[in-house]
Amino acid sequence: MTIAAPPGDEQAGLRADVRRLGNLLGESLVRQEGPELLDLVERVRRLSRSDAAEDARTLEALLESVDVDTAARLVRAFGTYFHLANVTEQVHRARAMREERRTKGGWLAQTTERIRAAGLSAEEVADVVARLAVRPVFTAHPTEAARRSILSKRRRVAELLDTDPDSGDERRTDRRLAEVIDLLWQTAELRLDRPEPLDEARNAAYYLDELMLHTVGDVLEDLADELAGLGVALPATARPLRFGSWIGGDRDGNPNVTPQVTHDVLVLQHGHAIRDLQQIVTHLLEDLSSSARMVGASDQLWESIHRDLEALPELDPRVRRINADEPYRLKGRCIGVKLENTRVRIAAGRPHRPGHDY
């Protein structure tokens, strides 16, 4: 599938990757639908780019002659291409932003320099930070909700595109890209039934999971580092970045959003947040192998562990044995169990049990 790329020599890399994905999409169309669909796509593309009146009439006649099934596949072909082109642009934009951060520093670093230039004292900055509250809000747009299956495949395309071009694995990467594009074509973008508020909440949770696991921690770490450079400590209990959502709670004339829907969405969001925390704790436990014989541990930590062990009889006895000399890892295991107990309790609507869940 031939691609029309943005003008400008500075866009050479972007044009090359857009062309690359377009060609892979064309090969996928031939594999799955036959060469006739690709020929039709190419003909429509060429005619639509022409300014000649005769070509416009030819295009109109061509489209009028196409049956409904072929028209649907034609629309999907162009739609899939534009989604792939958007993914490619996002990858290249991210590369440009990384390069800018490398040479000029990120936006937080640039803000820090402006604060220094303004001559603000550490006390003034600390006062502002104490009131800092950034809260992006997810709004309710069910007609724009994409299936998680589609979103995950687009993300996979982005990951493959962002591999090192000098690694020597371009052929293997193209093979993986072709597999994902085949699966994209075979996956329905919309379900047969109309999406409900809970479906939309699940789609929003996809983005929240990605932010929690891959972005938020880095942003907060960068913020703490920049503030430290200004002589300001970010308190451990600070919550400068939070997220909000209207989904499942917007009852402004929407008959589909009932109190039960709002309750179910809150349970869903709790579940996703807890599972994100469980992943973070699991990764943390891989690092927290410090032995009490080597570095010791505070009485406060040991007391906390003993309380947890008494309240959590379901903790695997093997964990109690093999982590007996690793207090940080043992505490982390207890945290993991309490997180799971919390998820189950919220889903079942049971009351909180102190020491057993959060």
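My aim in this report is to walk through the structure given alongside it, one point at a time. Just so we're clear, the structure is a prediction, and the values are computed from it rather than from any experiment.

1. What to know about the packing of helix α1 (residues 12-33) against helix α8 (residues 170-186)
Here is step 1: Running from amino to carboxyl end, α1 crosses α8 at an angle of 55°, the nearest separation of the two axes being 9 Å. Overall, the two elements α1 and α8 adopt an arrangement that is oblique. Taken as a pair, α1 and α8 cross one another with a handedness that is right-handed. In contact with R20, L21, L24, L25, S28, L29, R31, Q32 and E33 of α1, α8 contributes E170, T173, D174, L177, A178, I181, D182, W185 and Q186.

2. Comments concerning the environment of I335
Here is step 1: Among the secondary structure elements, I335 is positioned in helix α14 (residues 327-348).
Here is step 2: Owing to a relative accessible area of 27%, I335 belongs among the partly exposed residues under this scheme.
Here is step 3: The spatial distance from the C-alpha of I335 to the C-alpha of I305 is 9.8 Å, given a sequence separation of 30 residues.
Here is step 4: In contact with I335, not counting residues within four places along its chain, are V281 and Y358.

3. As for helix α5 (residues 107-118)
Here is step 1: Its 12 residues place the ends of α5 16 Å apart at the C-alpha level, agreeing with the 16 Å of an ideal helix rising 1.5 Å per residue.
Here is step 2: Where α5 terminates, the next one or two residues include G119, which has phi positive at roughly 75°.

4. Quick look at the packing of aromatic side chains
Here is step 1: Following the criterion strictly, the structure yields 2 aromatic pairs and no others.
Here is step 2: Here the aromatic rings of Y81 and F82 are separated by 4.9 Å at their centres, their planes lie at 50°, and the arrangement is tilted.
Here is step 3: Look at Y81 and you get buried, because its relative accessible area is 12%.
Here is step 4: Assessed through its relative accessible area of 48%, F82 is described here as partly exposed.
Here is step 5: Taking 5.4 Å as the distance between ring centres and 85° as the angle between the ring planes, the aromatic pair formed by Y206 and Y207 counts as edge-to-face.
Here is step 6: Look at Y207 and you get partly exposed, because its relative accessible area is 39%.
Here is step 7: Directly above the ring of W185 sits R76, whose terminal nitrogen or CZ lies 4.4 Å from the centroid.

5. Quick notes on the layout of surface pockets
Here is step 1: Space inside the largest pocket adds up to approximately 1,100 Å³.
Here is step 2: Lining the largest pocket are 41 residues; nearest its centre among them are M212, R239, R242, F243 and A273.
Here is step 3: Contributions of two or more residues to the lining of the largest pocket are made by α9 (197-229), β2 (244-245), α10 (259-287) and α14.
Here is step 4: The greatest single-element share of the lining of the largest pocket, amounting to 11 residues, is contributed by α10.
Here is step 5: A per-class count over the lining of the largest pocket returns 25 nonpolar, 10 polar and 6 charged.

6. A look at a nonpolar patch on the surface
Here is step 1: A contiguous nonpolar patch, built from M212, L277 and I280 and spanning about 210 Å² of accessible area, is present on the exposed surface.
Here is step 2: Positionally, I280 belongs in helix α10.

What counts and how
Residues numbered from 1 in each chain as written. Predicted model: local features only at pLDDT ≥ 70, side-chain atom pairs only at ≥ 80, totals over all residues. Heavy atoms only, no water. Axes fitted to C-alpha atoms, helices over the stretch in contact; angles between N-to-C directions. Helix = DSSP H or I, 4+ residues; strand = E, 2+ residues; numbered from the N terminus. Parallel < 35°, antiparallel > 145°, perpendicular 65-115°, else oblique. Left-handed = near helix turned anticlockwise from the far one by under 90°. Contact = heavy atoms within 4.5 Å. Buried < 20%, exposed > 50% of the residue type's maximum accessible area, 1.4 Å probe, protein only. Expected span 1.5 Å × (residues − 1). Phe/Tyr/Trp six-rings, centres within 6.5 Å; stacked < 30°, edge-to-face > 60°. Lys NZ or Arg CZ within 6 Å of the ring centre and 35° of its normal. 1 Å grid on protein atoms, 1.4 Å probe; cavity = no way out; pocket = protein on both sides within 12 Å on 5 of 7 lines; lining within 4 Å. Points joined across faces, edges and corners; volume = space filled by probe spheres on them. Nonpolar A, V, L, I, M, F, W, Y, C, P; charged D, E, K, R; others polar. Patch = residues over 30% accessible without salt bridge, like charges linked within 9 Å, V, L, I, M, F, W, Y side chains within 5 Å. Areas by Shrake-Rupley, 256 points an atom, 1.4 Å probe, with all protein chains shown as cover. Salt bridge = Lys/Arg side-chain N within 4 Å of Asp/Glu carboxyl O.

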